[in-house]
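Here are the chains, one letter per residue:
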Amino acid sequence: MTTPSFPMADEPDLAVQGLRRRSLLQLLTAGGAALAAPGLWSSFASAQTPVAGGTLTIGADADPIGLDPVTVNAFSSFDFTSLLYTGLLRWNAQMKVEPDLATGYEQPDPKTYVFKLRQGVKFHNGKDFSAADVKHTFDRIMNPATGSRLRALYSSVESVTVIDPFTVKFQLNATDAAFLSNLASNPNGAIVPAGVENLVTQPVGTGPFAFEAYQPNQQFSLTRFDGYYEKGEPYLAKVIFKFYKDQATLTSALRSRAIDMTWVKDPKVATAISRASSSFVSAPGQTSRTFPIWLNMKAKPLNDVKVRRALSLATDRKACLDTVLGGAGKVGAMIPESQVGGYDGVSELPYYKHAPAAAKALLVEAGYPNGLDLGDYIVVAANPLDVACAQILQQQWQAAGITVKLVPMETAPLLAKWASGDWPTLLSVALSWTPDPDGIFQYITSTSGYGKAMGSNDPELDKMVAEARAELDVSKRAAKNQAIQKRIADNAYVIQIYQYPLRWEIWWNHVQGYVPLAANIRSFVRTTWLKK
């Protein structure tokens, strides 16, 4: 069977495109993220004729940690990769997949995708884009020596073959419900040029803006790429990100118009700021961020399931949610409720009930009648919400006889420790939006780099994750994903606390044409313009 190509972004989505195509889009939408409600913004954006030129200044809360999309691990880099690079597919304003560097694809069978590529596309260095760059990108991803986190996400990719300069074939080893979602996401699907090195600090992409300069802790500058392939875009001549290390100075810069737009993490602060001026436009984020505690299970004491279960029972998740976020979120499982297999409620999950006495009893069974010192609990110093939650957890666990020492750490070294497994017992890194639940599960499979780093060793769980990823029926996949989360909770492989909005975006109303996405990246700066 041959699957019809996607229509181009400006073509009508006609019913005659075929049931197969619609089914794929429905699967992608359900499997990706909560449907954003940005239709409001896109209709507002198109109400006036865009004006070219000007500089958009964005207040940022973190510097990028690397700019090579194949190796980047930090969410703080995604804002920049989303403007520097593009991929075969992308998410549109309604969080549906549409073509980008690809004009469409055919699917001769469920495990084969043949993409036709745009012609006349240039990289920022003047190099012509071709199928060879797509193959080069995925060869880098799949090479273990690269150390790319994307290798686990694309584990179903058996081979990438150049058919001709503008045709590339992906052969999968299994059906993969997450494949197209990952291709549409930045930086997961971003294409890098063959023959160019040092992308970490000197990025070269096909995106609407090209790298100009970066002064750490000060600002990051991008300029309009005149060779960008979408006619008329981008409208802005320049984009400058200015860095602010705390929420108070960031919001002060917004109020004083030193910046045109920003986002804030704390929902309580965001609500107050958005009401400060009638000239502010605000977009509450989707509940897509999860706050987990990663456990190093390679050695005692956390290689003992009784100790891990005791830690889970000693945790009052609801108290953390109410105190830190004022209830702006919900107690959650590993994946947000908006994704395939997400939970509307988690009362049925094992060891989620707050039961300090039961936790103490399990510690006794595990050989710790006098309690247990777990040592360092590492958290992201730059995120005050994470630190506040960790302080509450420290007190809760103490009541059950479990002591920890809080160690706030800068983001870059913390991420390096997480990826390598070079951390003693507990570490928290909140997860940002992912295009598919499989992206979260891959952090704990024993076959992934992160899973190996934390000592995951559960062949049955690995099998369950692989089977869920291969399931194309949405309802069946949802059931499989929920079973996975119950197994994770039962074995307390990860202590998941809550889910909440990743960011709340706010901008002055002279900023036009911008569309906030559930993915919390600023891809639509390419359509943004400034009202005079």
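Report on the accompanying structure. All values derive from a computational prediction rather than experimental measurement.

Calculation criteria
Residues numbered from 1 in each chain as written. Predicted model: local features only at pLDDT ≥ 70, side-chain atom pairs only at ≥ 80, totals over all residues. Heavy atoms only, no water. Helix = DSSP H or I, 4+ residues; strand = E, 2+ residues; numbered from the N terminus. Rg over C-alpha atoms; globule rule 2.2 N^0.38 Å. Areas by Shrake-Rupley, 256 points an atom, 1.4 Å probe, with all protein chains shown as cover. Lys, Arg positive; Asp, Glu negative; His and termini not counted. Charge placed at Lys NZ, Arg CZ, Asp CG, Glu CD. Pairing = 2+ DSSP bridges. Phe/Tyr/Trp six-rings, centres within 6.5 Å; stacked < 30°, edge-to-face > 60°. Buried < 20%, exposed > 50% of the residue type's maximum accessible area, 1.4 Å probe, protein only. Lys NZ or Arg CZ within 6 Å of the ring centre and 35° of its normal. Core = buried A, V, L, I, M, F, W, Y, C linked by side-chain atoms within 4.5 Å. Contact = heavy atoms within 4.5 Å. Disulfide = S-S within 2.5 Å. Axes fitted to C-alpha atoms, helices over the stretch in contact; angles between N-to-C directions. Expected span 1.5 Å × (residues − 1). Polar contact = N/O pair within 3.5 Å; in protein donor to acceptor, adjacent residues only side chain to side chain. Arc of directions from axis to C-beta.

**Comments concerning the overall build of the protein**
Argument step 1. What the protein contains, in helices and strands, is 17 helices and 21 strands.
Argument step 2. What you see for the protein is a C-alpha radius of gyration of 23 Å, in line with the 24 Å of a compact globule of 532 residues.
Argument step 3. Across its three principal axes, the protein shows a C-alpha extent of roughly 70 × 55 × 45 Å.
Argument step 4. Surface accessibility of the protein: about 19700 Å² in total, with carbon and sulfur atoms responsible for 52%.
Argument step 5. Where the 51 positive side-chain charges of the protein centre and where its 47 negative ones centre are 2 Å apart.

**Let's talk about the pairing of strand S10 (residues 238–243)**
Taken residue by residue, a regular strand's side chains alternate between the two faces of the sheet.
Argument step 1. Bridge count between strand S1 (residues 55–60) and S10: six bridges; the pairing is parallel. Within S10, the residue paired with Thr 55 across the bridge is Lys 238.
Argument step 2. Bridge count for strand S9 (residues 219–224) against S10 is five bridges, and the pairing is antiparallel. Note on S10: the bridge partner recorded for Phe 220 is Phe 241.

**A word on the packing of aromatic side chains**
Argument step 1. According to the stated counting rule, one finds 30 aromatic pairs in the structure shown.
Argument step 2. Pairing Tyr 105 with Tyr 113 gives two aromatic rings, centres 5.6 Å apart and planes at 50°, and the pair type is tilted.
Argument step 3. When its relative accessible area of 2% is taken as the criterion, Tyr 105 is described as buried.
Argument step 4. Aromatic pair Tyr 214 and Phe 243: ring centres 6.2 Å apart, planes at 80°, arrangement edge-to-face. Pair noted here: Tyr 214 is in strand S8 (residues 209–215) and Phe 243 is in strand S10, with a separation of 29 residues, a long-range link.
Argument step 5. Accessibility expressed as a relative area gives 28% for Tyr 214, which makes it partly exposed.
Argument step 6. Through successive ring pairs, a cluster of aromatic residues spans Tyr 105, Tyr 113, Phe 115, Phe 138, Tyr 154, Phe 170 and Phe 179.
Argument step 7. The aromatic ring of Trp 263 is capped on one face by Arg 522, whose charged end is 3.8 Å from the ring centroid.
Argument step 8. A cation over an aromatic ring shows up here: Arg 526 above the ring of Phe 524, its NZ or CZ 4.5 Å from the ring centre.

**Observations concerning unusual backbone geometry**
Argument step 1. Between Asn 186 and the following residue, Pro 187, the backbone shows a cis peptide bond with an omega angle of 15°.
Argument step 2. Here Pro 187 is to be found in the loop between helix H6 (179–184) and S8.
Argument step 3. Geometrically, the link from Glu 233 to Pro 234 is a cis peptide bond, its omega value of -5° lying close to zero.
Argument step 4. Considering the arrangement of structural elements, one finds Pro 234 in the loop between S9 and S10.
Argument step 5. Even without being a glycine, Arg 257 presents a positive backbone phi close to 65°.
Argument step 6. Tracing the backbone through its elements, the reader meets Arg 257 in the loop between helix H7 (247–255) and strand S11 (261–264).
Argument step 7. The class for Arg 257 is partly exposed, based on a relative accessible area of 48%.
Argument step 8. Phi angles above zero are rare outside glycine, and Ala 492 is one such case at about 50°.

**Regarding the nonpolar core**
Argument step 1. Trp 294, Tyr 377, Trp 397, Trp 418, Leu 426 and Tyr 498 are the most contacted members of the largest nonpolar core, which totals 77 residues.
Argument step 2. For this core, the leading source of residues is helix H12 (residues 384–399), giving seven residues.
Argument step 3. Sequence-distant contacts of Trp 397, that is, excluding residues within four places in its chain, are made with Ile 293, Leu 311, Ala 314, Thr 315, Tyr 377, Ile 402, Val 404 and Leu 426.
Argument step 4. Counting residues in hydrophobic clusters, the runner-up holds 76 residues, among them Leu 83, Leu 222, Phe 243 and Tyr 514.

**Here we look at the state of the cysteines**
Argument step 1. In total, this model carries zero disulfides according to the counting rule given.
Argument step 2. Cys 320 forms no disulfide, and the closest cysteine sulfur to it belongs to Cys 389, at a distance of 4.1 Å.
Argument step 3. Residue Cys 320 is classed as buried on the basis of its relative accessible area, which comes to 0%.

**Some remarks on the sheet that holds strand S17 (residues 426–427)**
Argument step 1. Strand order in the open sheet formed by six strands is S14-S18-S13-S17-S15-S16, with mixed pairing between adjacent strands. Edge positions in the sheet fall to strand S14 (330–331) and strand S16 (402–409), since each has one partner strand and no second.
Argument step 2. Note that strand S15 (residues 372–380) and S17 share two bridges and pair parallel. By the bridge assignment, Tyr 377 is partnered in S17 with Leu 426.
Argument step 3. Packing of helix H9 (residues 305–313) onto the sheet brings it into contact with strand S13 (287–295), S15, S16, S17 and strand S18 (494–501), and relative to S18 it is tilted by some 35°.

**What about helix H4 (residues 131–142)?**
Argument step 1. In this model H4 runs 17 Å from its N-terminal to its C-terminal C-alpha over twelve residues, within 8% of the 16 Å that 1.5 Å per residue would give.
Argument step 2. Residues of H4 that are buried include every one of Ala 131, Asp 133, Val 134, Thr 137, Phe 138, Arg 140 and Ile 141, and no others.

**Considering the side chain of Ser 312**
Argument step 1. Residue placement: Ser 312 occurs in helix H9.
Argument step 2. Side chain to side chain, Ser 312 and Arg 317 meet in a polar contact 2.9 Å long.
Argument step 3. Look past the residues within four positions of Ser 312 in its chain and what remains in contact with it is Arg 317, Tyr 351, Tyr 352 and Ile 495.

**Observations regarding the pairing of strand S7 (residues 167–172)**
Argument step 1. Across the six residues that make up S7, a large majority, five, are buried.
Argument step 2. Bridge count between strand S5 (residues 112–117) and S7: five bridges; the pairing is antiparallel. Paired with Val 114 across the strands is Lys 169, a residue of S7.
Argument step 3. Pairing of strand S6 (residues 157–164) with S7 involves six bridges; the strand directions are antiparallel. Of the residues in S7, the one forming a bridge with Thr 161 is Lys 169.
Argument step 4. Connecting S6 to the antiparallel partner S7 that follows it, the hairpin turn spans two residues.

**What to know about H7**
Argument step 1. Buried within H7 we find Leu 250, Thr 251, Ala 253 and Leu 254. Viewed end-on, H7 has its buried residues packed into an arc of 155°, placing them on one side of the element.
Argument step 2. In this structure, the buried residues of H7 make contact with S1, S11, helix H8 (267–274), strand S12 (280–283) and strand S19 (504–508).
Argument step 3. Of the residues flanking the start of H7, the one acting as N-cap is Asp 246, its side-chain oxygen 3.1 Å from the backbone nitrogen of Ala 248.
Argument step 4. Arg 257 lies just past H7 and shows a positive phi near 65°.

Geometry only, nothing functional implied.
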